[in-house]
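These are the residues of each chain, in order.
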Amino acid sequence: MSNVKLAIIYYSSTGTNYKLAEMAAEGAREAGAEVKILKVPELAPEEAINSNPAWKAHVDETKDVPTVTLADLEWADAIIFSVPTRFGVMAAQMKQFLDTTGGLWFHGKLVNKVVSAMTSAQNPHGGQEQTIMSLYTMMYHWGAIIAAPGYTDPVIFAAGGNPYGTSVTVDQNGNMVENVKDAVKHQAKRTVTVAGWVKNGQQ
């Protein structure tokens, strides 16, 4: 069986969700997956970005990261989304990209994609679970298969215990409060494993 093809699609203004994407890529590659890390297009005006030094620095640091296309969704057997919460739902940049997938959806190109999601917020109850669930709601319309981490490994509890997807709190200095690397890697490996089952079952 050929390796699972995993697209890790993220939006990040100051870098947290990009770091989560990199952790996920590490875990997925350890599980034998072929991995692409892809960013969604930025919608914020340049003056807003330039007014925040951390935001501007991150945009500059990731200028060479490929921007996701609809072709990447077709390519992927599995997708991990990493997106910050905005008032309890996904950031507009991610939602805008997902809103462009209607053509793929209409032609059945998104059916049986194995998907999982991660998020971040500035406090533990800032809508982390709801953000992941809002993304999964769209995935149900795709006919995707959700590979949530659940409580399938003790590392989930060490990272805060979110069964829907790894979530992390970010302090005022932009640092992750919880140590989530092991949980992110486990979630990625689980996603790749489930995708392998699906891919093998379809061959």
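On a predicted model such as this, the values are computed, not experimentally measured, just so you know. (Residues numbered from 1 in each chain as written. Predicted model: local features only at pLDDT ≥ 70, side-chain atom pairs only at ≥ 80, totals over all residues. Heavy atoms only, no water.)

## Things to note about the overall build of the protein chain
Each helix and strand in the protein chain was counted, giving nine helices and seven strands. Radius of gyration (C-alpha) of the protein chain: 16 Å, near the 17 Å computed for a compact globule of 203 residues. Looking at the protein chain as a whole, 51% of its 203 residues are labelled buried. Pairs at least 24 residues apart make up 78% of the contacts formed inside the protein chain by residues separated by at least 6 positions. Accessible area of the protein chain: about 9,600 Å², with a carbon and sulfur share of 53%. Here the protein chain holds 16 positive side-chain charges and 19 negative ones, and the gap between their average locations is 6 Å. (Helix = DSSP H or I, 4+ residues; strand = E, 2+ residues; numbered from the N terminus. Rg over C-alpha atoms; globule rule 2.2 N^0.38 Å. Buried < 20%, exposed > 50% of the residue type's maximum accessible area, 1.4 Å probe, protein only. Contact = heavy atoms within 4.5 Å. Areas by Shrake-Rupley, 256 points an atom, 1.4 Å probe, with all protein chains shown as cover. Lys, Arg positive; Asp, Glu negative; His and termini not counted. Charge placed at Lys NZ, Arg CZ, Asp CG, Glu CD.)

## Remarks on the packing of helix 1 (residues 16-30) against helix 9 (residues 181-202)
One way to put it is that helix 1 packs onto helix 9 with a least axis distance of 7 Å and a crossing angle of 50°. The orientation of helix 1 with respect to helix 9, classified from their angle, is oblique. For helix 1 against helix 9, the interelement crossing comes out right-handed. Here Leu20, Met23, Ala24, Glu26, Gly27, Ala28 and Glu30 of helix 1 come into contact with helix 9, specifically with Lys181, Val184, Lys185, Ala188, Lys189 and Val192. Taken together, the residues of the contact of helix 1 with helix 9 break down into seven nonpolar, one polar and five charged. (Axes fitted to C-alpha atoms, helices over the stretch in contact; angles between N-to-C directions. Parallel < 35°, antiparallel > 145°, perpendicular 65-115°, else oblique. Left-handed = near helix turned anticlockwise from the far one by under 90°. Nonpolar A, V, L, I, M, F, W, Y, C, P; charged D, E, K, R; others polar.)

## Thoughts on the nonpolar core
Among the nonpolar cores identified, the biggest contains 31 residues, and Leu6, Ile8 and Ile37 are the most heavily contacted of them. Mapped by element, the contributors of at least two residues to this core are strand 1 (5-10), helix 1, strand 2 (34-39), strand 3 (78-86), strand 5 (114-121) and helix 9. Discounting chain neighbours no more than four positions away, the residues touching Leu6 are Ala28, Ala33, Glu34, Val35, Lys36, Trp75, Ala78, Ile79, Ile80 and Val192. Leu38, Trp55, Phe81 and Val115 belong to the second-largest nonpolar core, a separate cluster that totals 30 residues. (Core = buried A, V, L, I, M, F, W, Y, C linked by side-chain atoms within 4.5 Å.)

## Quick word on the side chain of Lys199
Summarising the element assignment, Lys199 is placed in helix 9. The class for Lys199 is buried, based on a relative accessible area of 11%. A polar contact of 3.0 Å, which involves the side chain of Lys199, links it to the backbone oxygen of Asn3. (Polar contact = N/O pair within 3.5 Å; in protein donor to acceptor, adjacent residues only side chain to side chain.)

## Notes on the pattern of salt bridges
Per the counting criterion, the structure on display carries eight salt bridges. Where Lys185 meets Glu26, a salt bridge forms, and the shortest distance between an N and an O atom there is 3.2 Å. Of this pair, Lys185 sits in helix 9 while Glu26 sits in helix 1, and the two are 159 residues apart along the sequence. Overall, Glu26 belongs to the partly exposed group, its relative accessible area being 32%. By sharing partners, the salt bridges in this structure join Glu26, Glu30, Lys181, Lys185 and Lys189 into a single network. (Salt bridge = Lys/Arg side-chain N within 4 Å of Asp/Glu carboxyl O.)

## Some details on the pairing of strand 2
In terms of strand pairing, strand 1 meets strand 2 through six bridges, oriented parallel. Paired with Lys5 across the bridge in strand 2 is Glu34. Between the parallel pair strand 1 and strand 2, the chain is carried across by helix 1, and the sense of this crossover is right-handed. (Pairing = 2+ DSSP bridges. Right-handed = clockwise from strand over helix to strand, strands pointing away.)

## Quick notes on helix 1
In an α-helix, one full turn covers 3.6 residues, which means residues spaced three or four apart are oriented alike. Across its 15 residues, helix 1 extends 22 Å between first and last C-alpha, which sits within 8% of the 21 Å expected from 1.5 Å per residue. Thr16, Asn17, Tyr18, Leu20, Ala21, Met23, Ala24, Ala25, Gly27 and Ala28 are the residues of helix 1 that are buried. Backbone geometry just downstream of helix 1 places Gly32 in the positive-phi region, at approximately 95°. (Expected span 1.5 Å × (residues − 1).)

## A few points about the pairing of strand 1
Most of strand 1 sits inside the fold, with five of its six residues counted as buried. In terms of strand pairing, strand 1 meets strand 3 through five bridges, oriented parallel. In the strand pairing of strand 3, Ile9 is matched with Phe81.

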